[in-house]
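What follows is the residue order along each chain.
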Amino acid sequence: MSSKQSPSISTVTLVFGDQLTPAISSLSDSDPDSTLVLMAELPAEASYVPHHKKKIAFVFSAMRHFAEELRTLGWRVAYYELGETPHLNTFADVLEMALATFEPSQIRLTEPAEYRLRKLIDEFSDHHAGVVDVLEDSRFLCSTEWFNGWLGKRKQPRMEYFYREMRRQTDLLMDGDKPVGGKWNYDAANRSAASPDLVYPVPLQFSPDDITNKVLELVDGEFQDNFGELHPFWFAVDREQAESAFEYFVTDALPLFGDYQDAMLSEQRFLFHSVISHYLNIGLLDALTICKRVEVAYFDGLVPLNAAEGFIRQIIGWREYVRGIYWSQMPAYLDQNYFNVKRSLPSFYWSGDTDLHCLSKCIGQTRQEAYAHHIQRLMITGNFAMLIGVDPIEIHEWYLAVYADAYEWVELPNTLGMSQFADGGLLGSKPYASSGNYINKMSNYCSNCRYNVREKVGDDACPFNYLYWSFIGKNEKRLKNNARMKFAYRTWDKTTSDKKAEIAKSTRKFLTGLDSA
Ligand code: FAD
Ligand code: SF4
């Protein structure tokens, strides 16, 4: 793109790296003849946490493919590759440069998805009054304004009631004003453990093209010390590929998605999950379109109701709900620390080098794929961090760095709220804490572990067992009155003081070993 002023440019439209769709409000309302689209790969964006190499490569390659898609559609695009213009570090630099170079009368953009960028844009707007036009992000089904109104009326907001409202508003799986099948939620049918003998589909994989290969070279060179393995790189990087990957999921995995949603297996990284969150979060897939496709698959008899409802609930329920919580609580949400804990994140979260087999497997897979499914994130890495009392900010920054789908608006509520209970119960109704028993029931990790999941205390006992009961004991005042913790505290009350002393001793020994490692 020439840096000379173009007289016909009246508007510069900034497109962020997670807004890769021509349907984004900043583009759908603009005139290609008088608009210049601005996109940039920026050092500040690539380094605010030490992102997984695959995540950086995915975003840069998808951005470059999107710039090509826009040019094909007739847009003029100024695209700045990483390192091409060393003075461009942040989006504020890019916007200052655009004002000076192209002299537009207006800068247009769709609201950024993350608080830190919203703050940057607000500060820029304050310096350049009347120039910046910020539009709502219409990719989400629920506006932040509507969510705040809904939240405001409730003492104890719960996702389930929000979800029912979203079902009514979208008319997905509805029979008049009643849910199809008579029930809103089939989660109880979605908790089977998986057998290694089932046939598991592998997500559709793509060979890197010339654009991606150039990006892989860049990431190999510039980000060689970052977390994770870059090769093999198989993600979809454009809309067509992402849509094929989704269609493949619908036909090959969705029928059993519901049944095995909570299962974990050492040898199977993806089970029947869709592996689409990274495509959805940057705009290669559209939330409502994919939910409608799943609804059609159900009505055509291709998938059972527990699978279709379970999938749609994750998208129009959880995904929209965590976004609403994020925007209603930021920036104070970042400071939440209900259990007042401050242990550093164990170094093996970066290496996977631990003899706790479940953790080593989940972290090893995260290093290789920049992916772990929900129960691995919640009940293995998240559960362990909560049981040992990791500072919520440290575990938040880890999740934000290591997954290809990680953006603060979706990651932070899932981490701080759902997995660490650091918000004291705003997002979830109870802490997702468990002993080794749950992990053994839902996975085959324990059969290859040096620890014995059936032993409760001592050097060979599964650490999740004594850590869980220590957590229950330590947080009695905070949690005992929580109705969903009644069962745990009934057992704790019956535990003898000798047993409690043994639990405390095993916990102390384990944590001392961990802290000195
Ligand atoms: P599937 O299991 O196939 O589910 C389908 C889709 O539903 C997902 O692609 C996703 O878009 C949506 N979804 C499911 N659960 C959630 C949820 N709890 N919140 C929001 N959307 C959901 N998801 C992210 O997109 N980005 C994150 O950074 C992220 N961080 C997380 C951190 C923790 C500690 C936990 C417990 C969960 C996190 N999640 C995050 C939610 C969830 O784990 C991922 O969306 C899911 O694992 C992605 O894999 P999938 O596409 O195969 O999902
Ligand atoms: Fe994890 Fe404990 Fe099972 Fe080992 S025994 S895999 S540490 S749950």
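Up top is the structure these notes are about.
A. View of the nonpolar core. One finds Met39, Tyr279, Phe311, Tyr349 and Phe384 to be the most contacted residues of the largest nonpolar core, which totals 160 residues. Per element, the largest residue contribution to this core is twelve residues, and it comes from helix α13 (residues 305–329). Discounting chain neighbours no more than four positions away, the residues touching Phe384 are Pro346, Phe348, Tyr349, Leu356, Leu359, Phe464, Leu467, Phe510 and Leu514.

B. Broad picture of helix α12 (residues 287–299). With 13 residues, α12 extends 19 Å between its outermost C-alpha atoms, agreeing within 8% with the 18 Å of an ideal straight helix rising 1.5 Å per residue. The inward-facing, buried residues of α12 abut α9 (239–252), α10 (254–257), α11 (277–282) and α13. One or two steps after α12, the chain reaches Gly301, where phi turns positive at roughly 80 degrees.

C. Summary view of the sheet that holds strand β2 (residues 35–40). The strand order across the open sheet formed by five strands is β3-β2-β1-β4-β5, and the pairing between neighbours is parallel. A strand with exactly one partner marks an edge of an open sheet, and here the two such strands are β3 (76–80) and β5 (132–135). Neighbour-to-neighbour, the strand axes of the sheet open up by a mean angle of 25 degrees, direction not taken into account. Here strand β4 (residues 106–110) runs beside β5; their pairing, made up of four bridges, is parallel. Residue pairing across strands places Leu109 opposite Val134, the latter belonging to β5. Where helix α3 (residues 53–72) meets the sheet, it contacts β2 and β3, and its direction lies at approximately 160 degrees from that of β3. Against the sheet, helix α4 (residues 91–102) touches β1 (11–14), β2, β3 and β4, its axis set at about 150 degrees to β2.

D. How the structure looks around the site of ligand 1. His273, Ser274, Val275, Tyr371 and Asn414 are the nearest of the 29 residues found near ligand 1. Within the side chain of His273, one N or O atom sits 2.7 Å away from an oxygen atom of ligand 1. Burial of ligand 1 by the surrounding chains reaches 99%, relative to a free accessible area of 810 Å². Residue assignment for the shell around ligand 1 shows that the elements contributing at least two residues are α11, α13, α16 (374–388) and α18 (408–419). Counting residues per element, the shell around ligand 1 draws most heavily on α18, which supplies six residues. When its residues are assigned to classes, the shell around ligand 1 shows 15 nonpolar, ten polar and four charged.

Criteria and cut-off values
- Residues numbered from 1 in each chain as written.
- Chains lettered and ligands numbered in written order.
- Predicted model: local features only at pLDDT ≥ 70, side-chain atom pairs only at ≥ 80, totals over all residues.
- Heavy atoms only, no water.
- Core = buried A, V, L, I, M, F, W, Y, C linked by side-chain atoms within 4.5 Å.
- Buried < 20%, exposed > 50% of the residue type's maximum accessible area, 1.4 Å probe, protein only.
- Helix = DSSP H or I, 4+ residues; strand = E, 2+ residues; numbered from the N terminus.
- Contact = heavy atoms within 4.5 Å.
- Expected span 1.5 Å × (residues − 1).
- Pairing = 2+ DSSP bridges.
- Axes fitted to C-alpha atoms, helices over the stretch in contact; angles between N-to-C directions.
- Near = heavy atom within 4 Å.
- Polar contact = N/O pair within 3.5 Å; in protein donor to acceptor, adjacent residues only side chain to side chain.
- Areas by Shrake-Rupley, 256 points an atom, 1.4 Å probe, with all protein chains shown as cover.
- Nonpolar A, V, L, I, M, F, W, Y, C, P; charged D, E, K, R; others polar.

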